[in-house]
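Residue strings, one per chain:
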Amino acid sequence: MLDLTERKRAEEALRKAQAELAHIARVMTMGELASSIAHEVSQPLAALVTNSNAGLRWLARDPPDLEEARECLRRIIRDGKRAGEVITRIRSLVKKSAPAKARLDLNEAVQEVLLITNAEVRRHRVFVRTELAAALPPVQGDRVQLQQVILDLVMNGIEAMREVTDRPRELLIRSRPEESSHVLVAVQDRGIGLDEQSLERVFEAFYTTKPEGMGMGLSISRSIIEAHGGRLWPVAHRDYGATFQFTLPTEGGSQQV
Ligand SMILES: Nc1ncnc2c1ncn2[C@@H]1O[C@H](COP(=O)(O)OP(=O)(O)O)[C@@H](O)[C@H]1O
Ligand SMILES: [Mg+2]
C-alpha cells in the first residue's frame, strides 16, 4: 500500500514536471514567433519597394501612364496597411501576456528550472552549485515568465562554457534577500565572459554570437523582470565568466517603496 502511494506520488510529480516543461516550451517559442513576425512584415515591405519602383517606371514613360501609376500607389497603400496590421497584432499579443501575479518562492522556481535543464547540464558536463538563502521572502510574480528568465540565464551560462576545457565548467546559482525589500537571484558561470562591447549589446533584440541563437532571450528576460518592478543586469568577471543577476521586490515590499 505504502509503496503504491509512494509510486503514485512520484508519477504525479513527474507528470507535473512534464506539463511544466511543455508550458515553458510554449513560451520559449517567442524566438520562432519573432522570426515569423519578421517574415510577415518583410513581405509587405518588399512589395512596397517593388510597387514604388514600378510606379516610377510608369511615370517615366513618355507620355507617363497615370492610370498604371495610380494602381501602384493603391497597392502601396494596401501593403502599408497590411504591415501596420501585423504590428497591431503583435502589440495586442504583448499586452495579453501581462504578468499574472501570484505569490512565488524564487528558490522553488530555481529548483524547478534545474530539474528541466538536468539533461542539458549533464550533456555539457557542467557542475551546478546552488547557494539559495533559507527563508527567502516570497515575491509576487508570473511563475512561468520568471522561470523563463531563469531558464534563459541558466542556458546562456551553460552555452558560454561550451568551449571551456581548461577549467571546471561551474554554474553557481545564488539567491539572497536584498536591502529595501528586494530579493536577488544570480547565475554565475566560468565561461567565455563578456568584454566591454558585448556588455552593452547583450540586451539588444536579435544580438547573438551563437550560430543557432535568436538573440531574443535576454531582451525578453529584461522586459519580464522590469514588468515585475525589478532589474536585470550583467557583471563581467576579472578572471573567467559572467554573472547575470536580477532583483525583484518582495511580496508587499513594492508598496512600501
Ligand atoms: N553568460 C554569458 N556569458 C557570455 N556571453 C553571454 C552570456 N549570456 C549571454 N551572452 C551573450 O549575449 C548574447 C545574447 O543572449 P540571448 O539574448 O540569450 O540570445 P541567444 O542565447 O539566443 O544568443 C549571446 O549570444 C552571447 O553572446
Ligand atoms: Mg539565450
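Residues numbered from 1 in each chain as written. Chains lettered and ligands numbered in written order. Predicted model: local features only at pLDDT ≥ 70, side-chain atom pairs only at ≥ 80, totals over all residues. Heavy atoms only, no water.

**So, the site of ligand 1**
(1) Moving on: Looking at ligand 1, there are 18 residues lining it, with Asp189, Thr208, Thr209, Lys210 and Leu218 nearest.
(2) Moving on: Asn156 has a polar side-chain atom sitting 2.9 Å from an oxygen atom of ligand 1.
(3) Moving on: Within the backbone of Gly217, an N or O atom sits 3.3 Å from an oxygen atom of ligand 1.
(4) Moving on: Starting from 540 Å² of accessible surface for ligand 1 in isolation, the protein chains cover 93%.
(5) Moving on: Elements that contribute at least two residues to the shell around ligand 1 include exactly helix H5 (143-160) and helix H7 (217-227).
(6) Moving on: Per-element accounting of the shell around ligand 1 gives the leading share, three residues, to H5.
(7) Moving on: A per-class count over the shell around ligand 1 returns eight nonpolar, seven polar and three charged. (Near = heavy atom within 4 Å. Polar contact = N/O pair within 3.5 Å; in protein donor to acceptor, adjacent residues only side chain to side chain. Areas by Shrake-Rupley, 256 points an atom, 1.4 Å probe, with all protein chains shown as cover. Helix = DSSP H or I, 4+ residues; strand = E, 2+ residues; numbered from the N terminus. Nonpolar A, V, L, I, M, F, W, Y, C, P; charged D, E, K, R; others polar.)

**Description of the confidence of the model for the protein chain**
(1) Moving on: With 84% of its residues at a pLDDT of 70 or more, the protein chain shows a mean pLDDT of 85.
(2) Moving on: When mean pLDDT is taken per element in the protein chain, strand S5 (residues 182-188) scores highest with 98 and helix H8 (residues 253-256) scores lowest with 53. (pLDDT = per-residue confidence, 0-100.)

**Digging into the sheet that holds strand S2 (residues 127-132)**
(1) Moving on: In spatial order, the strands read S2-S4-S5-S7-S6; together these five strands make up an open sheet with mixed pairing. Only two strands of the sheet have a single neighbouring strand rather than two, namely S2 and strand S6 (231-236). Sheet twist, expressed as the mean angle between neighbouring strand axes with direction ignored, is 15 degrees.
(2) Moving on: Both S5 and strand S7 (residues 242-249) contribute to a ladder of seven bridges, which runs antiparallel. Each bridged residue has a counterpart across the sheet, and for Val183 the counterpart in S7 is Leu248. (Pairing = 2+ DSSP bridges. Axes fitted to C-alpha atoms, helices over the stretch in contact; angles between N-to-C directions.)

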